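# Examination of the molecular architecture
One letter stands for each residue in the lines below.
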Amino acid sequence: MKQGVQGFAGAGTPKCGTPNTARVPPQQRSATPRDGVRERDTAVPGARGEHTHGERPVPGPQSAVQRPSVRGQVLDALRRALVTGELKPGEVYSAPVLGERFGVSATPVREAMQQLALEDAVEVVPNRGFRVVERGSQEIAELAEVRALIEVPVVLRLARTLPAERWAHLRPLAEATVRAASTGCPAAYAESDRVFHGAVLSLSGNEQLVRVAEDLHRRSQWPPAGGPVRRGRTGLVADAAEHMALLEALAARDLDGVRNVVREHFAGAR
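Heads up: these notes are all about the structure in this document. Residue positions are counted from 1 within each chain, in the order its sequence is given. With the structure being a predicted model, the display of local features is reserved for residues of pLDDT at least 70 and the display and counting of side-chain atom pairs for 80 or more, all residues being used for whole-chain, interface and lining totals. For the side-chain quantities, the full set of heavy atoms in the structure was used; hydrogens and water were omitted.

## A look at the nonpolar core
Formally: Within this scheme, the nonpolar core is defined by two criteria: the residues are buried Ala, Val, Leu, Ile, Met, Phe, Trp, Tyr or Cys, and they are joined through side-chain atoms within 4.5 Å. Residue exposure (1.4 Å probe, protein chains only): buried if accessible area is under 20% of the type maximum, exposed if over 50%, otherwise partly exposed. Strands are runs of DSSP state E lasting at least 2 residues, helices are runs of H or I lasting at least 4, and numbering of each runs from the N terminus. Whether two residues are in contact is decided by their heavy atoms: any pair within 4.5 Å suffices.
Of all hydrophobic cores here, the largest spans 27 residues; its most connected members are Trp167, Leu246, Leu250 and Val258. Secondary-structure elements contributing two or more residues to this core are α4 (137-161), α6 (186-202), α7 (207-220), α8 (233-251) and α9 (255-267). At seven residues, the largest contribution of residues to this core is made by α4. Among all residues touching valine 258, those that are not within four sequence positions of it are Val155, Leu156, Ala159, Leu246, Ala249 and Leu250. Formed by 25 residues, the second largest nonpolar core is a distinct cluster that contains Ala77, Ala95, Val104 and Phe130.

## Regarding the environment of alanine 144
Its location among the elements puts alanine 144 in helix α4. Of the residues examined, alanine 144 reaches a relative accessible area of 3% and is grouped as buried. Taking the C-alpha atoms as reference points, alanine 144 and histidine 217, separated by 73 residues in sequence, lie 8.5 Å from one another.

## Some thoughts on the sheet that holds strand β2 (residues 122-125)
Definition in use: Note on pairing: two strands pair once DSSP finds at least 2 bridges between them.
With respect to topology, three strands assemble into an open sheet ordered β1-β3-β2, the strand pairing being antiparallel. Looking at the sheet topology across the chains shown, the edges are occupied by β1 (92-93) and β2. With four bridges joining them, β2 and strand β3 (residues 129-132) adopt antiparallel strand pairing. Residue pairing for β3: glutamate 123 is matched across the bridge by arginine 131.

## So, the pattern of salt bridges
To keep things clear, this is the line we draw: We define a salt bridge as a contact between a side-chain nitrogen of Lys or Arg and a carboxyl oxygen of Asp or Glu at a distance within 4 Å.
Here the structure, examined in full by the defined rule, presents twelve salt bridges. A salt bridge links arginine 135 to glutamate 139; the nearest nitrogen and oxygen atoms lie 2.3 Å apart. Among the ionic pairs, arginine 194 bridges to glutamate 214, the shortest N-O distance being 3.4 Å. Linking arginine 194 in helix α6 with glutamate 214 in helix α7, this pair joins segments that are 20 residues apart in sequence. Arginine 194 sits in the partly exposed class, given a relative accessible area of 25%. Residue classification places glutamate 214 among the partly exposed positions, given a relative accessible area of 29%. One salt-bridge network, in which partners are shared between bridges, spans Arg79, Glu119, Glu191, Arg194, Glu214, Asp215, Arg218 and Arg219.

## Description of the environment of glutamate 86
Put simply, the rule is: Under the rule applied, a polar contact is a pair of N or O atoms within 3.5 Å (in protein, one hydrogen donor and one hydrogen acceptor; residues adjacent in sequence only if both atoms are side-chain atoms).
Here glutamate 86 lies in the loop between α1 (67-84) and β1. There is a polar contact of 3.5 Å between the side chain of glutamate 86 and the side chain of threonine 84.

## Examining the packing of α6 against α7
Quick note on the threshold: Convention adopted: a line fitted to C-alpha atoms gives each axis, helices being fitted over their contacting stretch, and angles between N-to-C directions are expressed from 0 to 180 degrees. To sort the angles, those under 35 degrees are grouped as roughly parallel, those over 145 as roughly antiparallel, those from 65 to 115 as roughly perpendicular, and the leftovers as oblique. Take the far helix as the reference: if the near one is turned anticlockwise from it by less than a right angle, the crossing is left-handed, and if turned clockwise, right-handed. Gly counts as polar in this scheme, as do all residues outside two lists: the nonpolar Ala, Val, Leu, Ile, Met, Phe, Trp, Tyr, Cys and Pro, and the charged Asp, Glu, Lys and Arg.
α7 packs onto α6 with a crossing angle of 160° between their chain directions and a minimal axis gap of 10 Å. As summarised for this structure, α6 and α7 are arranged roughly antiparallel, according to the angle between their axes. For the pair α6 and α7, the crossing hand works out as right-handed. For the pair formed by α6 and α7, the contact residues are Ala190, Asp193, Arg194, Gly198, Leu201 and Ser202 on the first element and Leu209, Val210, Ala213, Glu214 and His217 on the second. In terms of residue class, the contact of α6 with α7 is built from five nonpolar, three polar and three charged.

Structure, rendered in structure tokens:
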């Protein structure tokens, strides 16, 4: 039986608040940079983050993992931890300690963190590890605005050009977002929401657009510093309901209805 990475919610479907969900070990919070400017280290490939500075070892069973898949499993788990707030904005995490939590060596954790650094989710802190980037509400609002500028015109064009029956194929994905929202888990909902939006945009046939939109979607899920860690269940359910309303408007070729739903959808994401 294939074994997966230990820690957080593990590989596969994201889960929140279950007994098997391990917590990220608390670590040192970095000092605020002078003049509010974030320190950056552009030499991401060379970053190691090996020093634990007295961090307590994390107990737990070590799990054998197949090397080709471990980096991806760790990366997925770290991304979920960013969405749920288990990786806290402003705090520094070292690869060795996170590796103990996952039951793997520090190397795949470091590789995953370097990918997150390229995505601007974390920053390299030389000789210490990786700091989770602190984001303000303004940045979250800007990401929602950019997503709307990209996705709204595409959806409206598709509404005018695609036959109504094409939208029926997306109904199971919209229903999946409703189920995920009902759990109240932001990580589970973020994944189902990503899949739904990606499926809609893929109908444009523009792969580059889908990639850019997916990156923006991922970045928009990270909670702002000092703000609420999780979106409430009520907000998630309302957001998912808009997916169903959008498909109904698209199937009816109701262009005004489509326009209103997508604009409201992105306005609510700010």
